[in-house]
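Examination of the molecular architecture
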Amino acid sequence: QVQLAESGGGLVQAGGSLSLACAASGRTLRSYAITVGWFRQAPGKERGLVAAINWSGDWIYYSDSVKGRFTISRDNPKNLVYLQMSSLQPEDTAVYYCAADEAFSYSDYAWNYWGQGTQVTVSS
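Here we summarise the structure given alongside this text. Here the residue numbering is sequential within each chain, running from 1 through the sequence in written order. Two thresholds apply to this predicted model, a pLDDT of at least 70 for residue-level local features and 80 or more for giving and counting side-chain atom pairs, whereas whole-chain, interface and lining totals are computed over all residues. Hydrogens are left out, water is left out, and the side-chain values use all remaining heavy atoms of the structure.

As a further point, take the pairing of strand S1 (residues 2-7). We call a residue buried when its accessible area falls under 20% of the maximum for its residue type, exposed when it is over 50%, and partly exposed in between, using a 1.4 Å probe and counting protein chains only. Elements are defined by DSSP. Helices are runs of H or I of four residues or more, strands are runs of E of two residues or more, and each kind is numbered from the N terminus. Here S1 shows one buried face, formed by Val2, Leu4 and Glu6, and one open face, formed by Gln3, Ala5 and Ser7. The pairing of S1 with strand S3 (residues 18-26) spans six bridges and is antiparallel. Bridging across to S3, Leu4 finds its partner in Ala24. Pairing between two strands is assigned when DSSP locates at least 2 bridges connecting them.

So, in structure tokens, the structure goes:
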């Protein structure tokens, strides 16, 4: 089992930056080759993948909507995964979730471990 907890959400003005962290407990991220992803869900929209990173950090995925603005990274000894967000826009407003699994998938249904989510609000 992997327990995940997000932190770092909040309110920011358009053009600003925000950093999210996902803390894992239980099984360590590295020992079980866990891939970690960040998803987001805006009101009335489906939850979608925005970034993911494999266990070693040498493979990274970004959705087109965040590429060049968001950076995902991980610190396995500390069991932390980060999502650094810059040039934020109102359309980035959503609840952001981190998820973990032993395999990568674009679909949220395939990920077994989830955090509770953290709200990110970008004002115009």
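Cysteine sulfur atoms that pair up within 2.5 Å are treated as a disulfide. Enumeration over the complete set of coordinates arrives at one disulfide. Here Cys22 connects covalently by a disulfide to Cys98, the sulfurs 2.1 Å from one another. Of note, the bridge from Cys22 to Cys98 carries an S-S torsion of about 60° and is right-handed in sense. Pair noted here: Cys22 is in strand S3 and Cys98 is in strand S9 (residues 94-101), with a separation of 76 residues, a long-range link. For the pair Cys22 and Cys98, a shared accessibility class is recorded, and that class is buried.

A few words now on the pattern of salt bridges. Take a side-chain nitrogen of Lys or Arg and a carboxyl oxygen of Asp or Glu: if they are within 4 Å of each other, that pair is a salt bridge. Going through the model one piece at a time under the given rule, you end up with four salt bridges. Put simply, Arg40 and Asp92 hold a salt bridge, and the shortest N to O gap is 2.9 Å. Linking Arg40 in strand S4 (residues 35-41) with Asp92 in the loop between strand S8 (80-85) and S9, this pair joins segments that are 52 residues apart in sequence. Relative accessible area serves as the criterion here: at 15%, Arg40 is assigned to the buried category. In this structure, the salt-bridge partner of Arg47 is Asp108, at a minimum N-O distance of 3.1 Å. Here the residue Arg47 occupies a position in the loop between S4 and strand S5 (48-53), and Asp108 occupies one in the loop between S9 and strand S10 (113-114), the gap between them amounting to 61 residues. Connected through salt bridges with shared partners, the residues Arg40, Arg69 and Asp92 form a single ionic network.

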